[in-house]
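# Summary of structural features
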Amino acid sequence: MLRRITFVSHDAYTNGKTGNTKLMDLLDEPVPGVGTYEDFNTIDWVREKSKDRDRHREITSKSKLSTPALLESISDAFSGWLLMLLIGLWSGALAGGIDILAHWLTDLKEGLCLSGFWYDHEHCCWGSNETTFQERDKCPEWQSWAELLGGSSVGASAYIVDYLMFIIWALLFAFLAVILVRAFAPYACGSGIPEIKTILSGFIIRGYLGKWTLIIKTVTLVLAVSSGLSLGKEGPLVHVACCCANILCHLFTKYRKNEAKRREKYAAAGVSYYFPLKTLWRSFFAALVAAFTLRSINPFGNSRLVLFYVEFHTPWHMVELVPFVLLGIFGGLWGAIFIRANIACTYFSVLEVLVVTGATALLSFPNSYTRMSGSELISELFNDCSLLDSSQLCGYISSPDNSNTIPDRPAGPDVYTALWQLALALVFKMLITVVTFGMKVPSGLFIPSMAVGAIAGRLLGVGMEQLALNHHDSAIFKSWCSPGADCITPGLYAMVGAAACLGGVTRMTISLVVIMFELTGGLEYIVPLMAATMTSKWVADAFGREGIYEAHIRLNGYPFLEPKEEYGSKALAQDVMRPRRSDPPLAVLTQEGMSVGEVEAMVADTDYSGFPVVVCQESQRLVGFILRRDLVISLENARQRQEGVVSASLVFFTDHVPAQPTSGPPAVKLRGILDLSPFTVTDHTPMEITVDIFRKLGLRQSLVTHNGRLLGIITKKDVLKHMAQMANRDPDSILFN
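Residues numbered from 1 in each chain as written. Predicted model: local features only at pLDDT ≥ 70, side-chain atom pairs only at ≥ 80, totals over all residues. Heavy atoms only, no water.

This is how it is decided: UniProt positions are given in the numbering used here, feature names are shortened, and annotations may be inferred rather than shown by experiment.
If you look the protein up in an unreviewed UniProt entry, it shows as Chloride channel protein from Esox lucius. Per its UniProt entry, the protein bears the Sequence similarities (unreviewed entry) comment "Belongs to the chloride channel (TC 2.A.49) family."

Here is the structure:
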């Protein structure tokens, strides 16, 4: 609501002891700063929505009076769609650019393209006429660092040169990433999803979605991914999209001046917490624009919008649900172990980032499956072998007849070599991802988690394939797997395993299945994905209901009320409210009788975010609630702009100011900034209901009354501390007010 502050003019006291009280409105516009929020505070959702309703009513009423006002109303209604168009274009362009640059820098660790240094390995060899189908990644235009520096690509010396250059480039990329983050944008580290969820719930973190954060996050995300660290870019891209939304929101007045309206666009660009129905259609529109932009850029080089396109030719069978469920169990166990281990391993210094990067490069280079990027590894594991496939995982013993069918075949030496390498890669990925996620560089978790699950799934898939081949006449396979038929698809097992591990870490279910559809395009495999995902969640929940992002929210002490967290305490509001029996009385303001000096002294002596206003100290009858920031700004403004206001001036929160003696200083009327409808609960309201109210209404505080008499206050921080105590956690871990 647009509130105005009025002061009693000094001229009101010129007509005797009870002169005519003349209210002088000094401000044609709201006081700058009133209605805004300080850093690390929670917004008032009710007030923000009320402000937007008042603004909309004013525009609608004016639109009937003149043509310019009507055009302004149409522009206001269209601005939301225009904003989503801009967000989609910008986010899609950045996502495509990040992917292209990451591919180039990743290949730069292994060599350089002579026909153009800006080409990655794949694009460098596309135009070559000297490649063979079996070795289509080798061409004269692309040379390894051993060839460039030593003139030879074979031998021990060439291997050592390539090894050292791989480590040097990895350390350089990681060093640049962590230095840029520390020097210019500390908020650019991590995945950003825990903070985005907290911001969407109403918390203020100034600068987290700013322009410097966007620039540094974009640059360092490319560097971090290219360094070879076990991290992904999908989570940080959510942060990038929300930064785009925040910056573009400041181009439109109704979003720039309203925190709740801005969060609608954050939800459309990133993850959903506050998600009104109308935002659904605008989110769909933004996704459409981003997909169109991404399709135009074609960063994956396959003319498709999905990162891992799969095209399996064999249907799955009901018997396979058993191994799919086993993959779900593995994913749940891995998720539970990962969360606990990762929370115990948090890295902050440049040296620790470089140590992890050096260890990753040193251990990953000898194994081709750990040397390649996470997305390449997953794509390799999802691959369904064809007759012309040259992958080591497809090194089966060919059948004597040269048919075009692809039956289940005995595994050859290449397959067994690949399985050993994958087993080692699985152990390496599980360990290194624990210590990588959460470092002070941009780091996503989707790709590393999917890689762990995809490796486990491919190993199980090949095992099932060979089992079906050698025991096709057993009771398990006889009814549906005839000799020579293509019964088992190992790539499908990799896809199911990837979903299971990602679900175990994040505890996503429906959204995860949708994400897997988006990444792979495999719609017909919905049942295996759902079975593995649900099993993974059930197993992981048995060890703790927190996903990795919720665990990091708790680790950082953010004031976030998790909607999924159950509350079973029988406590009442009076058990949680402040002041407690041993505390000093509640700091309140009276609606009349207090001086400016007394109010300022109360503000200086306390650190509360707001103060209840009562009729008088004796009755404690509630009048309203005033925010600390609004009170301070208004009093400062009164001293600066109204002549005669001193510490002895009386402060009134009433509609009418009583007549004042002519000899006294002018009074200050602050009724305009008083919230006359603060949310209240009675002292006997169950905390279970109170917690639901805080969650669903996004409250920052609720006053506690008994028969209309003010007893105390419950803040969001009080609720979080109480819930931490109920869960046997340290209540002081809630850091922010």
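## Observations concerning the packing of aromatic side chains
Selection criterion: Here a Phe, Tyr or Trp ring, Trp counted by its six-membered ring, pairs with any other such ring whose centre lies within 6.5 Å, and the pair is stacked when the planes are under 30 degrees apart, edge-to-face when over 60, and tilted otherwise. Charges are assigned to positions over rings by a cutoff of 6 Å between ring centre and Lys NZ or Arg CZ, combined with an angular limit of 35 degrees from the ring normal.
The final tally for this structure, using the stated rule, is 18 aromatic pairs. Ring-pair connections join several aromatic residues into one group, and the members of that group are Trp104, Phe117, Trp118 and Tyr119. The positively charged end of Arg371 is found above the aromatic ring belonging to Phe365, 4.2 Å away from the centroid.

## Quick look at the pairing of strand β12 (residues 701–706)
Our working definition: Only protein chains enter the accessibility calculation, which uses a 1.4 Å probe; a residue is then buried when its area is under 20% of its type maximum, exposed when over 50%, and partly exposed in between. A run of DSSP states H or I qualifies as a helix once it reaches four residues; a run of E qualifies as a strand once it reaches two. Both are numbered from the N-terminal end. When the strands point away from the viewer, a crossover counts as right-handed if the path from the first strand over the helix to the second runs clockwise. At least two bridges found by DSSP between two strands are what make those strands a pair.
Counting buried positions over the six residues of β12 gives five, a clear majority of the element. With respect to chirality, the unit in which strand β11 (residues 680–682) leads through helix α25 (residues 687–697) into the neighbouring parallel β12 is right-handed. Sheet topology note: the β12/strand β13 (residues 709–715) ladder contains six bridges and is antiparallel. The residue of β13 that forms the bridge with Leu703 is Ile713. Where β12 folds back onto β13 in an antiparallel hairpin, the turn is made up of two residues, including Asn707, whose phi is positive at roughly 55 degrees.

## Let's talk about helix α20 (residues 526–541)
Which entries qualify depends on this criterion: Here the expected length of a helix is defined as 1.5 Å per residue gap, with one fewer gap than residues.
Over its 16 residues, α20 runs 22 Å from end to end, which matches the ideal 22 Å to within 8%, given 1.5 Å per residue. Pro528, Leu529, Ala532, Thr533, Thr535, Ser536, Lys537, Val539, Ala540 and Asp541 are the residues of α20 that are buried.

## Focus: helix α1 (residues 45–63)
The cut-off we apply is this: A contact between two residues is defined here by any heavy atoms of the two lying within 4.5 Å. For the purposes of these results, a polar contact is taken to be a pair of N or O atoms within 3.5 Å, where, inside protein, one atom must be able to donate a hydrogen and its partner to accept one; residues adjacent in sequence count only when each atom of the pair is a side-chain atom.
Here α1 is 19 residues long and its end C-alpha atoms lie 27 Å apart, about the 27 Å a rise of 1.5 Å per residue gives. Regarding α1, the residues found buried are Trp45, Arg47, Glu48, Ser50, Lys51, Asp52, Ile59 and Ser63. Those residues of α1 that are buried lie in contact with α2 (67–108), α6 (193–200), α10 (259–269), β8 (622–627), α24 (628–641) and α25. The backbone nitrogen of Val46 has a side-chain oxygen 3.2 Å away, supplied by the residue at the start of α1, namely Asp44.

## Re a nonpolar patch on the surface
Which entries qualify depends on this criterion: Patches were defined on residues exceeding 30% relative accessible area and lacking a salt bridge, with like-charge contacts within 9 Å and nonpolar side-chain contacts (Val, Leu, Ile, Met, Phe, Trp, Tyr) within 5 Å. In this description, accessible areas are obtained by the Shrake-Rupley approach with a 1.4 Å probe, and a residue is regarded as covered only by the protein chains that are shown. By definition here, a salt bridge exists when the distance from a side-chain nitrogen of Lys or Arg to a carboxyl oxygen of Asp or Glu is within 4 Å.
Together, Val322, Val325, Leu326, Ile329, Leu333, Ile337 and Phe543 line one region of the surface with nonpolar side chains, adding up to about 590 Å² of accessible area. Mapped onto the secondary structure, Leu326 falls in helix α12 (residues 321–344). The exposure class assigned to Leu326 is partly exposed, which follows from its relative accessible area of 48%.

## Section: the environment of Phe117
Relative to the elements of secondary structure, Phe117 occurs in the loop between β3 (111–113) and α3 (121–126). A relative accessible area of 48% means that Phe117 is categorised as partly exposed. In the structure, Phe117 is positioned 13 residues away from Trp104 in sequence and 9.2 Å away in space, judged by C-alpha atoms. For Phe117, the contacting residues outside a window of four places in its chain are Trp104 and Leu112.

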